[in-house]
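Coordinate inspection notes
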Amino acid sequence: MQVLQGAEARAALTRSFSQIPVPGAVLSRIEQTFGERLTPEQVVERILTDVRGRGDDALRDWTEKLDGSRPAEIEVSAAELHAAQVDPDLHAAIRLAAERVRAFYLQQPAHGFLEHGPDGALGQLVRPLGRVGVYVPGGLAPLISTLIHTAVPAQVAGVPDIVVTTPPGRDGNVHPAILVAARELGISRVFKVGGAQAIGALAYGTASVPAVDKIAGPGNLFVVIAKRMVYGQAGIESLPGPTETLVVADDSADPRFVAADLLAQAEHNGAEPVLVSVSRELLLRVQTELNEQLENLPEPNRSWARDSVDARMKVVLASDLTEALELANLYAPEHLCLLTRDPWSLLGQVRRAGGVFVGEASMEALGDYVAGPSHVMPTGGTARFMSPVNVRDFQNIISVVGINADTLRRIGPAAAQLARAEGLEAHARAVESRLK
């Protein structure tokens, strides 16, 4: 285990948003699938162009080519949605998660204002978006929590129409847990399509899939590239990349919990676990725990987590907790876990993070499911200027200007002067025409 300190640690934790790295296996699969060497951007551009031109037929073709099934009907039927069942305990967990996420966002101030004063009226109108598309990744398991953590803030914002796209399984069906979660949330439109083709369908619309105002939800490399390419045709909430967790720990931290929190994120493909501690002894004990806990993970989780630990984990020895928090702010992690003797005393020093998890009972894994805030958080250092998914992501803010005549006479000349300074004579005359 290489331990970084001082300037070396700062250099390792300094980053800027960049392209998501493309594993060699992905490039090989592209060549195998398309019969030529293409970049992920070229693949996505080809898919989006096809979806825009051929609509549903393109969706069926790409779903068959990339996901191994060809849905006769792209939309999940009302009968399928109604019939979906899961284990009662899982259903109860879905309901609990939805209730807690909804309760959290109902507390977010997200209304406008309109003030009538001596100058007239100034304010903001806040209006929900008309239609939002939620992308739910598929892959090896249904990401039930992603649907809840993305759709519920949109519902609290007042969005009247939410549609869901998610890759079908090899049998051509959407996992029943996704359907149960959609039904629990009152979402009636779910589409059996994933990947870049789903993003294209949501952006451009097809005979089956309606075009949306905004697309939200994480996905793989191709989904993120597609979201970037369709921006402008539809809004996007973020470009989420591989997950990351930074743990700040002192000598009071239990190395079992530190290791467990790092591995909880490390088991995601491409994850970057980071440990910053003021105790060298703790670092050594955590290394022992990591090795033991890794061996006890089942496959393929063990291989995924080991790859993250071996290839991307960073371990830092800070001189004190003040430096530890400075390094955390520099890194701007998606998840910041405070496992210290008095974690609440550090909260005021946090400046840049997607979410802060305070104390050992508030592990990040809990936040992924039932804590309350959305787990869709900024990655790749974008927490410097981005926020987790929230109610405002699904609303328009409209400025209202209702200046009265007396105020116009008082402030109008300044507006005309500024307009002429900027070379905009028509602007100046528009103001002065009211002053005469």
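Just so it is clear, the model here is predicted, and its values are computed rather than measured.

As for the pairing of strand 5 (residues 161-166)
Counted residue by residue, strand 5 has five buried out of six residues, so it is predominantly covered. Judged from the four bridges that link them, strand 5 and strand 6 (residues 189-192) form a sheet pairing that is parallel. Residue pairing for strand 6: Thr165 is matched across the bridge by Phe191. With respect to chirality, the unit in which strand 5 leads through helix 8 (residues 176-185) into the neighbouring parallel strand 6 is right-handed.

Regarding the sheet that holds strand 8 (residues 235-236)
Strand order in the open sheet made by the five strands is 6-5-4-7-8, with parallel pairing throughout. Only two strands of the sheet have a single neighbouring strand rather than two, namely strand 6 and strand 8. Of the strand pairs in this sheet, strand 7 (residues 214-216) and strand 8 are connected by two bridges, and their pairing is parallel. Bridging across to strand 8, Ile215 finds its partner in Ile236.

What to know about the pattern of salt bridges
Side chains carrying opposite charge are able to pair once their charged atoms draw close together. If you walk through the whole model with that rule in mind, you get 26 salt bridges. For Glu41, the salt bridge identified is with Arg228, shortest N-O distance 3.8 Å. You can see Glu41 sitting in helix 3 (residues 40-54) and its partner Arg228 sitting in helix 10 (residues 221-230), a full 187 residues away along the chain. Take Glu41: its relative accessible area is 27%, and that puts it in the partly exposed class. One salt bridge connects Arg306 with Glu295, and the closest N-O pair in it is separated by 2.5 Å. One end of the pair, Arg306, is in helix 13 (residues 301-312); the other, Glu295, is in helix 12 (residues 280-296), and 11 residues separate them in sequence.

Here we look at the pairing of strand 9 (residues 244-249)
Summarising burial for strand 9: six of the six residues are buried, a large majority. Alternating residues of strand 9 divide into Glu244, Leu246 and Val248 and Thr245, Val247 and Ala249, and every residue in both groups is buried. Judged from the six bridges that link them, strand 9 and strand 10 (residues 272-277) form a sheet pairing that is parallel. Across the sheet, residue Ala249 finds its bridge partner in strand 10, namely Ser277.

Quick word on the packing of helix 3 against helix 9 (residues 195-204)
The geometry of helix 3 relative to helix 9 is characterised by a closest axis approach of 9 Å and an angle of 45 degrees between their N-to-C directions. When the axis of helix 3 is compared with that of helix 9, the two are oblique. Between helix 3 and helix 9 lies a crossing of right-handed hand. Mapping the contact onto sequence places Val44, Ile47, Leu48, Val51 and Arg52 in helix 3 and Ala196, Gln197, Gly200, Ala201 and Tyr204 in helix 9. Residues of the contact of helix 3 with helix 9, tallied by class, amount to seven nonpolar, two polar and one charged.

Some points on the environment of Gly354
Residue placement: Gly354 occurs in the loop between strand 12 (335-339) and strand 13 (355-358). Along the chain, Gly354 and Gly138 lie 216 residues apart, while their C-alpha atoms are 24 Å from each other.

Comments concerning the sheet that holds strand 14 (residues 395-403)
Ordered in space as 2-3-14, the three strands form an open sheet in which the pairing is antiparallel. Unpaired on one side and paired on the other, strand 2 (113-117) and strand 14 mark the two borders of the sheet. Across this sheet, the average inter-strand angle for adjacent strands is 15 degrees, counted without regard to direction. The sheet contact formed by strand 3 (residues 120-128) and strand 14 spans nine bridges and is antiparallel. Counted as the bridge partner of Gln124 is Ser399 from strand 14.

A look at the side chain of Asn390
Here Asn390 is to be found in the loop between helix 15 (364-367) and strand 14. Judged by its relative accessible area of 16%, Asn390 is buried.

A look at the side chain of Asp56
The topology assignment puts Asp56 in helix 4 (residues 56-67). It turns out Asp56 is buried and unbridged, and the closest side chain with the opposite charge, Arg60, is 4.8 Å from it. At 2.5 Å, the side chain of Asp56 forms a polar contact with the side chain of Thr206.

Observations regarding the nonpolar core
Here is a general trend for soluble globular proteins: nonpolar side chains tend to be buried in one another's company. Residues Val134, Leu147, Ile148, Ile187 and Phe394 are the most contacted members of the largest nonpolar core, which totals 39 residues. One finds Leu48, Tyr135, Ala196 and Ala234 within the second-largest nonpolar core, a separate group that totals 32 residues.

Conventions we followed
- Residues numbered from 1 in each chain as written.
- Predicted model: local features only at pLDDT ≥ 70, side-chain atom pairs only at ≥ 80, totals over all residues.
- Heavy atoms only, no water.
- Buried < 20%, exposed > 50% of the residue type's maximum accessible area, 1.4 Å probe, protein only.
- Helix = DSSP H or I, 4+ residues; strand = E, 2+ residues; numbered from the N terminus.
- Pairing = 2+ DSSP bridges.
- Right-handed = clockwise from strand over helix to strand, strands pointing away.
- Salt bridge = Lys/Arg side-chain N within 4 Å of Asp/Glu carboxyl O.
- Axes fitted to C-alpha atoms, helices over the stretch in contact; angles between N-to-C directions.
- Parallel < 35°, antiparallel > 145°, perpendicular 65-115°, else oblique.
- Left-handed = near helix turned anticlockwise from the far one by under 90°.
- Contact = heavy atoms within 4.5 Å.
- Nonpolar A, V, L, I, M, F, W, Y, C, P; charged D, E, K, R; others polar.
- Lys, Arg positive; Asp, Glu negative; His and termini not counted.
- Polar contact = N/O pair within 3.5 Å; in protein donor to acceptor, adjacent residues only side chain to side chain.
- Core = buried A, V, L, I, M, F, W, Y, C linked by side-chain atoms within 4.5 Å.

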